[in-house]
Amino acid sequence: MAQIFRAKKASVKGQVIEVSIESLDHQGRGVAKHNGKVGFIEGALPSEQVKVRINQQKAKLFEGSVAKVVKPSEQRATPFCPHYQECGGCSLQHLEKSAQLAHKQLAVGKLFAKFSGTSELPWNLPISSDGSHYRRAARIATYFDKNEKVLKLGFRAAKSKKLVNVAECGVLTKVYQSIFVDLRAILNRHPQLRSISHIQLCEADNAPFVLFRHTKAIDCAAKQIVTDEFDKKGWQVLWDDGNAEVSYALLPQYAVDDTQFEFKLDNFIQVNAAVNEAMLHQAVTWLALSGKEQVLDLFCGIGNFSLFFAKQAKKVIGVEGVASSVAMATQNAHTNDIDNAQFFQFDLTQDMATAEWFSNELDTLVLDPSRTGAYDVLKQMPLKQFNKVLYVSCDPVTLARDSALILAAGFTVSKVALMDMFPHTGHIETMALFQRR
């Protein structure tokens, strides 16, 4: 049999090309066209001429990063973080903060047009946030360098397991500004502390918390070294070996107006306290609850929305897949003397035909899903019984996709607003109100 020679395609990875940037996508990457392909370029801004190093190429698209800015945008800014472009936390510090939300709004609009055919959205003013010291919770990674015999710590690099040896982080709340210096000094005092795999931070209203997760046993003497140092600051130190339940001397808590929320560090809370408070106020204003509504709050967590709504609605049903969050939501209702809110555990990706929590008397639907969205529950939900649907989204793609189901059920988009939950990042948080036509 004759063999036909086929020349191997030359690899373009690492190749540098020059392109003009047209816009930003929903991840904050510059979008350009080159040789019939669409390119997504990290670190590029609209109206810029840049040289791009190609990292990956497919049939119809390529991905790359800026090798050199030939013609900069007027909106280009100097990043304030010394670890920028190494640390995977912030990705938009090169864009003026005032322009970040404007570009994110354009990206959301394009996604709605693509998925639901809605070309114009009724935008309200965004909920803004300080660009620095906004993050009350974070996770620090660690590893023991066997060559230097020292425990190193920091944040992961973008799209990598590599650890960036962070000196300080300008988006953590001010109470944690010396945390990296403090931890390096403390954790290298005892060999058992090398087994700490990561450290969780959370500044609650009642105290700053530091939780140490470790893979091997740490005796009381070694733990006391850490506890003594943080006790001086009034911080709460917690230990998690992955087996026993974490022991709390007091539970972390936060308050919004006169509603008190307690939680554990494995429960989800919004990391931007100021935006969370403004978000709850906006949700109440948009829904205009009169005291007659029966609200179904899906993906309710520890009751962040549910308890706030319960004070202005007739009844609230909260549903969540994580048992510990349901327990905490129930406890929070009791703490706040709220007796018109009930909470249920249910996997909202499953068939809800036998769900005990559902009733045809429910008239207001609230959704606050993870990035995977709410498609599985929306496609089986009898949406026509609801008068209003409030969707709080942390992913614009799944929001736009899910909106098509809501609009097809006879709703219209009446209000949309961005929430600046994560300044200087590509994350887009959106609130949308749908009302029955």
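Definitions and limits used
- Residues numbered from 1 in each chain as written.
- Predicted model: local features only at pLDDT ≥ 70, side-chain atom pairs only at ≥ 80, totals over all residues.
- Heavy atoms only, no water.
- Axes fitted to C-alpha atoms, helices over the stretch in contact; angles between N-to-C directions.
- Helix = DSSP H or I, 4+ residues; strand = E, 2+ residues; numbered from the N terminus.
- Parallel < 35°, antiparallel > 145°, perpendicular 65-115°, else oblique.
- Left-handed = near helix turned anticlockwise from the far one by under 90°.
- Contact = heavy atoms within 4.5 Å.
- Pairing = 2+ DSSP bridges.
- Polar contact = N/O pair within 3.5 Å; in protein donor to acceptor, adjacent residues only side chain to side chain.
- Phe/Tyr/Trp six-rings, centres within 6.5 Å; stacked < 30°, edge-to-face > 60°.
- Buried < 20%, exposed > 50% of the residue type's maximum accessible area, 1.4 Å probe, protein only.
- Lys NZ or Arg CZ within 6 Å of the ring centre and 35° of its normal.
- Salt bridge = Lys/Arg side-chain N within 4 Å of Asp/Glu carboxyl O.
- Right-handed = clockwise from strand over helix to strand, strands pointing away.
- Core = buried A, V, L, I, M, F, W, Y, C linked by side-chain atoms within 4.5 Å.
- Expected span 1.5 Å × (residues − 1).
- Arc of directions from axis to C-beta.

S.K.: Looking at this model, I keep getting lost on the packing of helix α1 (residues 97-116) against helix α8 (residues 396-408). Mind explaining?
M.R.: Any two packed helices are characterised by how steeply their axes cross, that is the angle between the axes, and by the distance between the axes. Where α1 meets α8, the axes come as close as 8 Å, and the angle between the chain directions of the two elements is 40°. Compared by their axis directions, α1 and α8 come out oblique. Considering how the two elements wind past one another, α1 and α8 form a crossing that is right-handed. Contacts between α1 and α8 involve V108, L111, F112, F115 and S116 on the former and, on the latter, P396, V397, L399, A400, R401, S403, A404 and L407.

S.K.: Explain the sheet that holds strand β7 (residues 137-145) here, please?
M.R.: Whenever strands of a sheet pair, they do so through backbone hydrogen bonds, lying parallel or antiparallel. What the six strands build is an open sheet, ordered β9-β8-β7-β10-β11-β12; its pairing is mixed. Two strands in the sheet have a free side with no partner beyond their single neighbour: β9 (163-164) and β12 (236-240). Summarising the sheet, strand β10 (residues 196-203) and strand β11 (residues 208-214) pair through seven bridges and their orientation is antiparallel. Pairing of E203 across the sheet is with P208, part of β11. Helix-sheet contacts for helix α2 (residues 179-187) involve β7, β8 (150-156), β10 and β11, and the interaxial angle to β8 is about 155°. Relative to the sheet, helix α3 (residues 220-231) contacts β11 and β12, its axis offset from that of β12 by approximately 155°.

S.K.: Would you mind going over the side chain of S23 with me for this structure?
M.R.: When you line up the elements, S23 lands in strand β2 (residues 23-24). There is a polar contact of 3.5 Å between the side chain of S23 and the side chain of K110. Setting aside residues up to four positions removed in sequence, S23 forms contacts with R29, G30, V31, P46 and K110.

S.K.: Help me understand the packing of aromatic side chains, please; the structure alone is not making it clear to me.
M.R.: Counting across every chain of the model gives 10 aromatic pairs. Between the aromatic rings of F155 and F180, the centroid separation amounts to 5.6 Å while the plane-to-plane angle is 85°, which identifies the pairing as edge-to-face. Of the two residues, F155 sits in strand β8 while F180 sits in helix α2, which places them 25 residues apart along the sequence. Judged by relative accessible area, F155 falls into the buried class, the value being 14%. Ring geometry for Y254 against F261: centres 4.8 Å apart, planes inclined by 20°, an arrangement best described as stacked. By the burial criterion, Y254 is buried, and F261 matches it. Feature note: the residues Y176, F212, F230, W235 and W239 constitute an aromatic cluster, connected by ring pairs. The ring centre of F411 lies 4.4 Å from the NZ or CZ of R436, which sits over that ring.

S.K.: I would appreciate a short explanation of the sheet that holds β2 in the present structure.
M.R.: In space, the six strands of this open sheet follow the order β1-β5-β6-β4-β3-β2, with mixed pairing throughout. Both edges of this open sheet fall to β1 (16-20) and β2, since each of them pairs with a single strand only. With five bridges connecting them, β1 and strand β5 (residues 49-57) associate as antiparallel partners. Bridge pairing in β5 links V16 to R53.

S.K.: Would you mind going over the pattern of salt bridges with me for this structure?
M.R.: Pairing is possible between side chains that carry opposite charge, provided their charged atoms lie close to one another. Inspection of every chain in the model, using the stated rule, returns 14 salt bridges. Here D420 makes a salt bridge to K97, at a shortest N to O gap of 2.9 Å. Here D420 is found in the loop between β20 (411-419) and β21 (429-436), whereas its partner K97 is found in helix α1, with 323 residues between them in sequence. Salt bridges here are not isolated pairs; linked through shared partners, they connect D25, R29 and E63.

S.K.: Would you mind going over unusual backbone geometry with me for this structure?
M.R.: Excluding glycine, most residues fall at negative phi; most peptide bonds, likewise, are trans. Look at N35: it is not a glycine, yet its phi comes out positive at around 50°. Along the chain, the position of N35 falls in the loop between β3 (30-34) and β4 (37-42). Here N35 falls in the exposed class, since its relative accessible area comes to 71%. For F299, which is not glycine, the phi torsion reads 65° and is therefore positive. With respect to the helices and strands, the residue F299 is situated in the loop between β15 (294-298) and α5 (306-310).

S.K.: Sorry, what's going on with the pairing of β12 here?
M.R.: Remember that side chains alternate between the two faces of the sheet whenever the strand is regular. Within β12, four of the five residues are buried, which leaves the element mostly enclosed by the surrounding structure. Note that β11 and β12 share five bridges and pair parallel. Following the sheet pairing, L211 is matched in β12 by L238. Read as a crossover between parallel neighbours, the route from β11 over α3 to β12 is right-handed.

S.K.: What is the right way to read the nonpolar core from this model?
M.R.: Proteins that are soluble and globular tend to have nonpolar side chains buried together. One finds I179, L187, F212 and F309 to be the most contacted residues of the largest nonpolar core, which totals 87 residues. The dominant element in this core, judged by the number of residues it contributes, is helix α4 (residues 273-287), at seven residues. Setting aside chain neighbours within four positions, we find F309 in contact with A283, V284, L287, L289, V295, V316, V366 and L390. Ranked by size, the runner-up nonpolar core spans 39 residues in total, among them A355, L378, L383 and F386.

S.K.: Quick question: what am I supposed to make of the environment of Q192 here?
M.R.: The topology assignment puts Q192 in the loop between α2 and β10. When residues no more than four places from it in sequence are discounted, the contact partners of Q192 are A217, I218, D219 and A222. One polar contact links the side chain of Q192 to the main-chain amide nitrogen of D219, over a distance of 2.6 Å.

S.K.: For this particular structure, what's the right way to read helix α6 (residues 323-335)?
M.R.: Its 13 residues give α6 an end-to-end C-alpha distance of 18 Å, which sits within 8% of 18 Å, the value for a rise of 1.5 Å per residue. Within α6, the full set of buried residues consists of S325, V326, M328, A329, N332 and A333. Along α6, the residues classed as buried sweep out an arc of 165° about the axis, all on the same side. Of the surrounding elements, those touching the buried residues of α6 are β14 (259-262), α5, β16 (315-320) and β17 (341-345). Looking one or two residues beyond α6, the residue adopting positive phi is D337, at roughly 55°.

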